[in-house]
Amino acid sequence: MREDASVMHVDADAFFASVETRHKPSLARSPVLVGGTGPRGVVATANYEARAVGCRSAMPMSQARVLCPAATVLTPRFPAYAAHSALIMGTLRQLSPLVQPVSLDEAFVDLAAGPFAADPVTAADLARRLIYNRSGLVVSVGLGRSKLIAKLASDADKPHGFTVVPGENEDEFLMPKPVGALWGVGPATEATLRTLGIRTVADLRAAGRDDLVRVLGDAAGWNLYRLARGDDPRPVVVEREAKSVGAERTFAQDLLRWELPGALEDVLARALRRLGRQGGGARTVTVKVRLSDFTTLTRSVTLAHPTAEADQLREAADAALTAANPVEPVRLLGVSLSGLTHWAQLRLPQDEADGAAVDGLMASEDLAEAPTVSSASPDRVPTPDESHLLDDAPPDEAVGRPALEDDADDGDEERLPAPLTPHTVALGLDVSHPHHGAGWVVRAEDGLVTVRFEGPNTRPGPDRRFDIRRELLMRVDPPEPCPPARLTSLATLGKADELTAMLLPDESTRRTPDGSSGTSAGSSDSLV
DNA sequence: TCTGGGGTCCTAGGACCC
DNA sequence: TCTGGGGTCCTAGGACCC
């Protein structure tokens, strides 16, 4: 294990909700819930104002609304989150080439591999300041000798935390933590451990390895035995290949048997589109069915060869659904494609196939020297999580492309701008009006849509109501990430100052959208 | 109050082969 | 006639993460 606390974990605080309040100034300092707005929606992120009254991630939205009737409820805007994520990851990559995104809002960084190996603390401080100055988003940062410690450190002082745990303080830091704080210990494992009288990491360390393995199994037992000792050699790795892609959907009302084939086709189409973007094939199709009583069945079919052919994969999905044979109403249907390969078995169109030796396996990489998602914006590599949110061009248009059309009509992938319709309207969406400009949907009833005209760094905006059956409102892309009106003056960066200048020669002349200089402290009165 | 959606990894059991 | 053990692949279910 390394000597220095040079593994950094960065975690954006209440990420989705923070991007929302960044774009919607009228919501600042008021409770916001981002998540599913339907009858079976859950909370993806609650901001700190909503958490104060008990709202939490993964809580049913209906429950959160009862706890916090004053909250503004918004539909997630993934493109906006992806853009802010890209900015965060890009900033981190200036500090080290070894950046491992964990999700849209979280990443590990191995600072020992970068230009600041000699001073990780300064680099970590720089990270949070740069991210704030470029996006207005607040992150929490933790530094430790391992991922385990770095992650716990970033969590120790949220929001806007900055915690460094040097090697000699690790035990003191780790021992009092509840076991549930450890990576891999969820509710079930926590309950099991409690039956052994194990509640804290200190308890865990006192436990025998054989006992842990007996109760938790080989992998989890060994893992916890080591983590309890602060022993976590996992390196920060830049990229991991996706093992599966899929899609699933919970229906507003349970589906009856005769409705299943159509619904499966729908979900499969989304999974296939994701597979198409990966540019390879899959060998195993798994169908997931959740019944009205919440019991969950999965059935899978493995083909002889990986394929990207929609028809073959559809046949397998149909067979898997038949095998699952749900007799009760179905609340969720999912399709997952695994056994992914870069290779896909291609069936060439008849007129091209004759006499061609190109039959069989072709490497998708060979199909075209096509731009990939990551090359579209050179300074980042999307995580598997976000990759589907970003690309606007299918990777290969060339030779013998498999029969997977990216017909891009998921609703969430519609090309913008596009007219807002009663069908596509959702709370929080970005819209534009020819005279009043950019705003977001505050309310929608039938064809009547209320829009609040505001954006990043504007004053809280006025509401106006439109009848979209008679008046045109356009759905538009979200605002780009941009510096906040109130910048942390670079002069207050202290030691980070010189490093900033070195990293970003033009940072000191960067201008805020309203035209004021980014270096002047207190440009807060520059609100439009 | 009634439980999302994207994933990863692990386990146990059975089939099959040598 | 009865009995082996290891390895690999597949499947279903479940825990976990964000």
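Parameters at a glance
- Residues numbered from 1 in each chain as written.
- Chains lettered and ligands numbered in written order.
- Predicted model: local features only at pLDDT ≥ 70, side-chain atom pairs only at ≥ 80, totals over all residues.
- Heavy atoms only, no water.
- Helix = DSSP H or I, 4+ residues; strand = E, 2+ residues; numbered from the N terminus.
- Buried < 20%, exposed > 50% of the residue type's maximum accessible area, 1.4 Å probe, protein only.
- Contact = heavy atoms within 4.5 Å.
- Axes fitted to C-alpha atoms, helices over the stretch in contact; angles between N-to-C directions.
- Left-handed = near helix turned anticlockwise from the far one by under 90°.
- Nonpolar A, V, L, I, M, F, W, Y, C, P; charged D, E, K, R; others polar.
- Near = heavy atom within 4 Å.
- Polar contact = N/O pair within 3.5 Å; in protein donor to acceptor, adjacent residues only side chain to side chain.
- Parallel < 35°, antiparallel > 145°, perpendicular 65-115°, else oblique.
- Salt bridge = Lys/Arg side-chain N within 4 Å of Asp/Glu carboxyl O.
- UniProt positions renumbered as here; feature names shortened; annotations may be inferred.
- Pairing = 2+ DSSP bridges.

Peer 1: Can you walk me through the overall build of chain A in this structure?
Peer 2: A count of helical and extended segments in chain A gives 18 helices and 20 strands. The proportion of buried residues among the 528 residues of chain A is 46%. Within chain A, residue pairs in contact and separated by at least 24 positions form 63% of the contacts whose partners lie at least 6 positions apart.

Peer 1: Just checking my understanding: could you explain the packing of helix α10 (residues 209-216) against helix α11 (residues 218-227) for this structure?
Peer 2: Two numbers describe a pair of packed helices, the interaxial angle and the distance between the axes. Interaxial distance between α10 and α11 falls to 7 Å at its minimum, and their mutual angle equals 145 degrees. Read as a crossing pair, α10 and α11 show a hand that is right-handed. The residues of α11 that touch α10, namely those facing R209, L212, V213 and L216, are D218, A220, G221, W222, L224 and Y225. Of the residues in the contact of α10 with α11, the class split is seven nonpolar, one polar and two charged.

Peer 1: Would you mind showing me how to read the protein's contact with DNA strand B here?
Peer 2: Looking at DNA strand B, there are 26 residues lining it, with K243, S244, E248, T250 and R331 nearest. Taken together, the sugar and phosphate atoms account for 75% of what DNA strand B places within 4 Å of the protein. Here a phosphate oxygen of DNA strand B and a backbone polar atom of K243 are 2.7 Å apart. Interatomic distance of 2.6 Å between a side-chain N/O atom of S244 and a phosphate oxygen of DNA strand B. Only α3 (61-67), α11, β9 (244-255), α12 (260-278) and β12 (330-338) provide two or more residues apiece to the surface near DNA strand B.

Peer 1: Help me out: how do you make sense of the packing of helix α8 (residues 187-195) against α10 in this one?
Peer 2: With their axes 11 Å apart at the nearest point, α8 and α10 run at an angle of 130 degrees to one another. Here α8 is positioned oblique relative to α10, judged by the angle of their axes. As α8 runs across α10, the sense of the crossing is right-handed. The residues of α10 that touch α8, namely those facing T189, T192 and L193, are L212, V215 and L216. Looking at the contact of α8 with α10, its residues break down into four nonpolar, two polar and no charged.

Peer 1: Honestly, the pattern of salt bridges in this entry has me stumped. Any pointers?
Peer 2: One side chain can pair with another of opposite charge once the charged atoms of both are near each other. Applying the stated rule across the entire model yields 21 salt bridges. Across the pair R226 and D231 runs a salt bridge, and its minimum N-O distance is 3.7 Å. Through salt bridges with shared partners, a single network forms among E20, K24, R77 and D430.

Peer 1: I would appreciate a short explanation of the UniProt feature "site: Substrate discrimination" (unreviewed entry) in chain A in the present structure.
Peer 2: Residues annotated in UniProt with the feature "site: Substrate discrimination" (unreviewed entry) correspond here to F16. Within the element layout of this structure, F16 appears in helix α1 (residues 15-23). Ignoring anything within four residues of it in the chain, the contact list for F16 reads V34, A44, T45, F78, Y81 and L104.

Peer 1: Even after reading the chapter, I still don't get the protein's contact with DNA strand C, so can you show me in this structure?
Peer 2: Close contacts around DNA strand C come from 18 residues, with S103, K151, T189, S300 and T302 the closest. Near the protein, meaning within 4 Å, the atoms of DNA strand C are sugar or phosphate in a fraction of 100%, with bases accounting for the rest. Within the backbone of V185, an N or O atom sits 3.4 Å from a phosphate oxygen of DNA strand C. Within the backbone of P187, one N or O atom sits 3.3 Å away from a phosphate oxygen of DNA strand C.

Peer 1: Explain the sheet that holds strand β2 (residues 32-35) to me, please; I cannot follow it from the model alone.
Peer 2: For sheets, the rule is that strands pair by backbone hydrogen bonds, running either parallel or antiparallel. If you trace the three strands from one edge of the open sheet to the other, you get β3-β2-β4, paired in mixed fashion. Where the open sheet ends on each side, the last strands, each with one partner, are β3 (43-46) and β4 (72-74). The sheet shows a mean angle of 25 degrees between the axes of neighbouring strands, taken without regard to direction. Here β2 runs beside β4; their pairing, made up of three bridges, is parallel. Following the sheet pairing, V32 is matched in β4 by T72.

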